[in-house]
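Spelled out, the chains give:
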Amino acid sequence: MNASDRTPADLLRSALAADPARPLVTFYDDATGERVELSVATFANWVAKTANLLQGELSAAPGDRLALLLPAHWQTAVWLLACSSVGVAVEVGGDPADADLVVAGPETLEAGLACSGERIALSLAPLGRRFPAPPAGYADYAVEVPSQGDRFAPFVPVDPEAPALVVEGTERSGAQLVEQARVDAAKLGLAPGSRLLSGLGYGDWQGLSSGLYAPLAAGGSVVLCRNLDRLAPEGLEKRVESERVTHTAL
């Protein structure tokens with residue numbers, strides 16, 4: 001990756017320029033049997049569409065705060081990079097009442113209603129399916145995002161020193177986030193082409209770093225596993241082999 005990258009969105013742009021066809025996020029949900037593989041290009045397209053939704057439809061701007069009430073999931077990773085693209089600070093598991101926007105999943109819809117701003121709901125169903133009907137008080141992400149543009153340009157340049165992520169009470173700017181992700185990648189021994197299988201949640205920095213930021217900073221990819229406890233040990237061994245995993249975070 002480029003040494004000049006100072007935000008997660010910068011890291012994604014560099015990955016797209018280097019090799020758009022390589023896998024970036026491979027997602028498993030062992031409660032549903034779902035498997036989704038997203039190349040750098042496909043992931044970046046979802047990020048661009050989501051950033052356009054944020055900036056254009058939801059009127060989000062740099063300095064706004066978004067409460068992210070989602071588990072470790074490929075669509076959660078998309079939202080993290082989309083917010084970085086716009087300059088919106090993400091508060092993972094943050095208080096919706098204090099946020100300008102909220103993004104919630106099926107298990108956090110009630111809590112998200114405390115947000116007085118825009119509310120987006122994700123079904124987290126296989127294939128990114130929409131809800132049968134939009135939850136009361138929410139717009140359905142799966143309905144809103146497909147029509148958004150495939151290219152994104154921020155109205156205002158994103159400041160790498162501005163707050164980008166808050167998790168477990170610790171706030172990081174985009175530049176601090178990238179720096180820490182690079183440190184973590186080095187500690188894990190990640191390099192271009194590395195495949196890290198992560199069974200960690202997104203509720204703390206270790207899970208976020210292993211499950212997205214460190215592989216991205218290293219030019220590698222992540223095999224993100226939700227409900228990994230439902231997989232038998234022999235199943236995990238088979239997955240490590242079939243996915244050509246080089247590193248694990250369990």
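Residues numbered from 1 in each chain as written. Predicted model: local features only at pLDDT ≥ 70, side-chain atom pairs only at ≥ 80, totals over all residues. Heavy atoms only, no water.

## Some details on the pattern of salt bridges
And then number 1: The full count for this structure, using the stated rule, is 10 salt bridges.
And then number 2: Between arginine 13 and aspartate 10 there is a salt bridge whose closest N-O contact spans 2.3 Å. Taken as a pair, arginine 13 and aspartate 10 lie in helix α1 (residues 8-18) at a separation of three residues, close to a single helical turn.
And then number 3: For arginine 35, the salt bridge is made with glutamate 243, and the minimal N-O distance between the two is 2.9 Å. (Salt bridge = Lys/Arg side-chain N within 4 Å of Asp/Glu carboxyl O. Helix = DSSP H or I, 4+ residues; strand = E, 2+ residues; numbered from the N terminus.)

## Let's talk about the environment of cysteine 225
And then number 1: Locating cysteine 225 in the fold gives a position in strand β11 (residues 221-226).
And then number 2: For cysteine 225, a relative accessible area of 2% corresponds to the buried category.
And then number 3: Linking cysteine 225 and alanine 72, residues 153 residues apart in sequence, is a C-alpha distance of 7.9 Å.
And then number 4: Beyond its immediate stretch of four places on either side in the chain, cysteine 225 contacts Tyr28, Leu197, Ser198, Gly199 and Arg239. (Buried < 20%, exposed > 50% of the residue type's maximum accessible area, 1.4 Å probe, protein only. Contact = heavy atoms within 4.5 Å.)

## Examining the sheet that holds strand β2 (residues 34-39)
And then number 1: One open sheet accounts for five strands, arranged β2-β1-β11-β10-β12; its pairing is mixed. The sheet is open, and its two borders are formed by β2 and β12 (247-249), each paired with just one other strand. Sheet twist, expressed as the mean angle between neighbouring strand axes with direction ignored, is 15°.
And then number 2: In the packing of helix α7 (residues 205-218) onto the sheet, the strands contacted are β1 (23-29), β10 (195-198), β11 and β12, and the crossing angle to β11 comes to about 175°. (Pairing = 2+ DSSP bridges. Axes fitted to C-alpha atoms, helices over the stretch in contact; angles between N-to-C directions.)

## Re the pairing of β1
And then number 1: In terms of burial, β1 is largely enclosed, as six of its seven residues are buried.
And then number 2: One ladder, built from six bridges, connects β1 with β2; its direction is antiparallel. Paired with phenylalanine 27 across the bridge in β2 is valine 36.
And then number 3: Where β1 folds back onto β2 in an antiparallel hairpin, the turn is made up of four residues, including glycine 33, whose phi is positive at roughly 85°.
And then number 4: Relative to β11, β1 is paired through five bridges, and the arrangement is parallel. When the bridges of β11 are listed, threonine 26 appears paired with valine 223.

## Here's the deal with the state of the cysteines
And then number 1: What the rule picks out here adds up to zero disulfides.
And then number 2: With no disulfide of its own, cysteine 83 lies closest to cysteine 115 among cysteine sulfurs, the gap being 12 Å.
And then number 3: Overall, the relative accessible area of 0% leaves cysteine 83 in the buried class.
And then number 4: For cysteine 115, a relative accessible area of 1% gives the class buried. (Disulfide = S-S within 2.5 Å.)

## Let's talk about the sheet that holds strand β3 (residues 65-69)
And then number 1: As summarised here, the arrangement of the seven strands in space is β7-β6-β5-β3-β4-β8-β9, forming an open sheet in which the pairing is mixed. For this open sheet the edge positions go to β7 (139-140) and β9 (170-173), each flanked by a neighbour on one side alone.
And then number 2: Taken together, the two bridges between strand β4 (residues 89-92) and strand β8 (residues 163-167) define a ladder with parallel strand orientation. Looking at the pairing, valine 90 lines up with leucine 165 of β8.
And then number 3: Running at roughly 170° to β3, helix α3 (residues 74-86) makes contact with β3, β4, β5 (101-104), β6 (118-121) and β8 of the sheet.
And then number 4: Across the face of the sheet, helix α6 (residues 174-188) comes into contact with β8 and β9 while running at roughly 95° to β9.

## Considerations on helix α2 (residues 40-57)
And then number 1: Spanning 18 residues, α2 covers 25 Å between terminal C-alpha atoms, matching the ideal 26 Å at 1.5 Å per step.
And then number 2: Among all positions in α2, only Val40, Phe43, Ala44, Val47, Ala48, Lys49, Thr50, Ala51, Asn52, Leu53, Leu54 and Gln55 are buried.
And then number 3: Serine 59, located one to two residues past α2, shows a positive phi value of around 60°. (Expected span 1.5 Å × (residues − 1).)

## Points about α3
And then number 1: In this model, α3 (13 residues) spans 19 Å end to end at C-alpha, consistent with the 18 Å of a helix rising 1.5 Å per residue.
And then number 2: In terms of burial, α3 is largely enclosed, as 13 of its 13 residues are buried.
And then number 3: Taken from the residues just after α3, glycine 87 is the one with a positive phi, measuring 100°.

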